[in-house]
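Structural overview for review
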Amino acid sequence: MNRLPALTAAALLLSGIAHAATTGPSFDCTAAAKPAEKAICADPKLAALDVAIAGFYKEALAKAGPAAETLKIEQRRWLLGRDALFVRDGQVLDAKAQKGVAQNTLPKWLTARSTALSVLAAQKAPLPLCERAAATLRVLRNAHGSVPDGTLKDRLEVAGLLSEPTPEKPLPSEQVAQMSRMAHELLDEDESDDGRVDAFSKEYALAQISVVSKPSMACSNFVVFQRGPDGAARALPLLTEPDDNFCDYGLNETGFDMVTLAGDAASHPALVMWNTESLSIHQAQGAQWGDACDIDVTYAKDYFLRESACDADGATCQALKSHVLEWSRIFGGPEPDTHGPGPGYRFPGLENTTIEVDETVMHNPVLNAFPSLEGWSYSQVEGGPHYLWRGPKEAMVVGINALSTSHGDPLHDFMISVWRKKGEKWVPAAAFITSPENVGTPTVQATVTPAETGKP
C-alpha cells in the first residue's frame, strides 16, 4: 500500500512560499486577466499554493496513463469553479467583494486542490473515485491546518472531485407537472404543489418534493428521472425509503444534490446524499444506478470557547477561562468523568436537561460529577445553580446549561454562567458559551456496493 505524504496546508505554504516569492505563481502574472489570477499574483501565500498545485498536477498527470485525459478535464472544471468565485449572477464582483473572496474563499479552494492532487501524485496508479475521495478527506485541512469547513460534499467540490453540472434550460411546464405527479406518488406524498424539477443534463432531471406531513420542519425528498427524446420520463429506483426525508434543522448538515464526478462526462451526473459525517455517491447509468460509494468520516471532538464575558477580577477571569472547557467535557460526556476527558471524547446528544423523581423536577444527574472535583461543593441557592466553586479569591456559584434548538436537536452548545455574592444577593460575574468541534485526523471508511437492478 502506498503511503500518502504527510502534507498539510501549512506544510504546502512553507514548502512553496520561498519559491513563489522569487518566481511568482505557475503562470505569467503580466498576462493575468482573471480576478482569481490577479489575486494569486498579489499574495505570496496564494502563489505558493498555486505552485504546489502545478507541481502535484504534473506528477499526477505523469502517472495517470490512460486516465490522463480524464484528469485534464477534471482540472479544467476545477479552474472554472475557482474563477467563478469572483462572479455572481454573471457579473464580476466589485473590488471590495473580490478582496473578501481572495482572503477567505480562494485559500480554501487552493489548499483543497493541492491536497487532492497530492493524493494522486503519491500513488503508483490512478485511484478509483471512491477510494480517492476517502483518501482526500483523510488528509484535507484548511489553510490554517485545522479541520475544513463545510459539508463533506462541499469539501470534495472545492478539492475538484465533484463539480456543479452545467445548467440546462428550464423544462417545459407539462414535463415538470408530469414528473412532479410521479414523484409525489412514488414518495407517497399529497400533491400540495408542483414541487421543483430541474434538468441536470439532456437526459436526467431531479424532482425535489416538499414533505407536508411534517409542517413544523423544512423537509424534502427527491426522485431522479431519465428523460427520453420524446419527453417521456422514467423514474430511477428510489435510493431512500419514502419516509426517509431530508429535514433542515438549522444545525445538522444534511442534503442531496446532482453533481458531475471528476472527469466524467457532463451528460451523466451523479446523485450525492450527505449528512454531518457521511456521504453517498450514486451515478446514473441509463434508468438504473451504478455502484454506490459510501464514505463515513469520524472525527475526534473537543470543546472550544466560542464567546465569553467576565466582570470579575483578572485572576478569577483567567481561572474561569482555564476551566470552562474541562467543565464542558464533563457535562458533555456520556458518563460523568471527574477527571475531565480530553480531545477524542465523544459528545452524544443530551435531550433532557432535567429529570423527574416522585413528581419533583431535578437537575440532570450528570452534574453530580462536580462535587467530587477539588474546589466544588453543593450549594442550595434558591432559583439558581446548585453548585459552589471555590475560585482564587472567593466562592462563586456556577451553572452549566445545555443549549438546544427550537426543533429539539441534540444539544450543541453550553452556557456556563457564574455568580458571586454581593451583600445578600448573587450577581452575575461571567458568562461563557462553549461549542463542540471536530479535531485531529479523521477515521475515514469507504465502501463500494455493487449496483442492483430493479424497478422503482
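Each remark here, short or long, concerns the structure printed above.
Residues numbered from 1 in each chain as written. Predicted model: local features only at pLDDT ≥ 70, side-chain atom pairs only at ≥ 80, totals over all residues. Heavy atoms only, no water.

**Quick notes on the packing of helix α2 (residues 35–42) against helix α3 (residues 44–64)**
At their nearest, the axes of α2 and α3 sit 5 Å apart, and the two run at 110° to each other. Compared by their axis directions, α2 and α3 come out roughly perpendicular. Seen from α2, the contacting residues are Ala-39, Ile-40 and Ala-42; seen from α3, they are Pro-44, Leu-46, Ala-47 and Asp-50. Of the residues contributing to the contact of α2 with α3, the split by class is 6 nonpolar, no polar and 1 charged. (Axes fitted to C-alpha atoms, helices over the stretch in contact; angles between N-to-C directions. Helix = DSSP H or I, 4+ residues; strand = E, 2+ residues; numbered from the N terminus. Parallel < 35°, antiparallel > 145°, perpendicular 65-115°, else oblique. Contact = heavy atoms within 4.5 Å. Nonpolar A, V, L, I, M, F, W, Y, C, P; charged D, E, K, R; others polar.)

**Topic: the pairing of strand β9 (residues 255–261)**
Every regular strand shows the same layout, with side chains that alternate between the two sheet faces. Counting buried positions along β9 gives 7 out of 7 residues, so the element sits mostly inside the fold. Residues Gly-255, Asp-257, Val-259 and Leu-261 of β9 are buried on one face, and the alternating residues Phe-256, Met-258 and Thr-260, pointing to the opposite face, are buried as well. Pairing analysis gives 2 bridges linking strand β3 (residues 162–163) to β9, with the strands arranged antiparallel. Looking across to β9, one finds that Leu-162 is bridged to Leu-261. (Buried < 20%, exposed > 50% of the residue type's maximum accessible area, 1.4 Å probe, protein only. Pairing = 2+ DSSP bridges.)

**Considerations on the environment of Leu-156**
Its place among the elements puts Leu-156 in helix α7 (residues 152–158). Overall, the relative accessible area of 1% leaves Leu-156 in the buried class. Along the sequence, Leu-156 and Ala-134 sit 22 residues apart, while their C-alpha atoms lie 9.6 Å from each other. Once residues within four sequence positions are removed from consideration, Leu-156 is found in contact with Ala-133, Leu-137, Leu-161, Leu-162 and Leu-279.

**Topic: helix α8 (residues 173–186)**
When the terminal C-alpha atoms of α8 are compared, their 20 Å separation across 14 residues agrees well with the 20 Å that a helix rising 1.5 Å per residue should span. Within α8 the residues assigned to the buried category are Gln-175, Val-176, Met-179, Ser-180, Ala-183 and His-184. Across the axial projection of α8, the buried residues extend over an arc of 160°, all falling on one side. Every exposed residue of α8 that faces more than 90 degrees away from the buried side is listed here: Glu-174 and Glu-185. As for α8, its buried residues are in contact with β4 (196–199), β5 (204–210), β6 (218–227) and β7 (233–235). Following α8 by one or two positions, Asp-188 has its phi on the positive side, about 55°. (Expected span 1.5 Å × (residues − 1). Arc of directions from axis to C-beta.)

**Some thoughts on the environment of Ile-209**
By the element assignment, Ile-209 lies in strand β5. Residue class for Ile-209 comes out buried when judged on its relative accessible area of 0%. Placed 26 residues apart in sequence, Ile-209 and Ala-183 show a C-alpha to C-alpha distance of 7.3 Å. Those residues in contact with Ile-209, other than ones at most four positions away along the chain, are Ser-180, Ala-183, His-184, Leu-187, Gly-195, Cys-219, Ser-220 and Asn-221.

**Quick word on unusual backbone geometry**
Unlike most non-glycine residues, Asp-89 shows phi in positive territory, near 55°. Within the secondary structure layout, Asp-89 lies in the loop between β1 (87–88) and β2 (91–92). Residue class for Asp-89 comes out exposed when judged on its relative accessible area of 76%. Phi at Asp-188 is positive, roughly 55°, even though this residue is not glycine. Mapped onto the elements, Asp-188 comes out in the loop between α8 and β4.

**Some words on the nonpolar core**
By size, the foremost hydrophobic cluster in this structure holds 50 residues, and its most contacted members are Leu-106, Leu-110, Leu-279, Ile-281 and Ile-295. Ranked by residues supplied to this core, first place goes to helix α5 (residues 95–121) with 10 residues. Leaving out residues up to four positions away in the same chain, Leu-106 has contacts with Ala-36, Ala-39, Ile-40, Leu-46, Arg-82, Leu-85, Phe-86 and Val-101. (Core = buried A, V, L, I, M, F, W, Y, C linked by side-chain atoms within 4.5 Å.)

**A closer look at the state of the cysteines**
All told, the structure shown has 3 disulfides when counted by the stated rule. Across a sulfur-sulfur distance of 2.0 Å, Cys-310 and Cys-317 are joined as a disulfide pair. Negative torsions about the S-S bond denote left-handed disulfides, and the value of about -90° found for Cys-310 with Cys-317 makes this one left-handed. (Disulfide = S-S within 2.5 Å.)

**What about the packing of α5 against helix α6 (residues 129–139)?**
The N-to-C vectors of α5 and α6 enclose an angle of 125°; their axes lie 9 Å apart at closest approach. The angle between α5 and α6 places the two elements in the oblique class. When you trace α5 past α6, the crossing you get is right-handed. Facing α5, whose interface residues are Arg-113, Thr-115, Ala-116, Val-119 and Leu-120, α6 presents Arg-132, Ala-135, Thr-136 and Val-139. In terms of residue class, the contact of α5 with α6 is built from 5 nonpolar, 2 polar and 2 charged. (Left-handed = near helix turned anticlockwise from the far one by under 90°.)

By themselves, these are just geometric observations and shouldn't be taken as functional.
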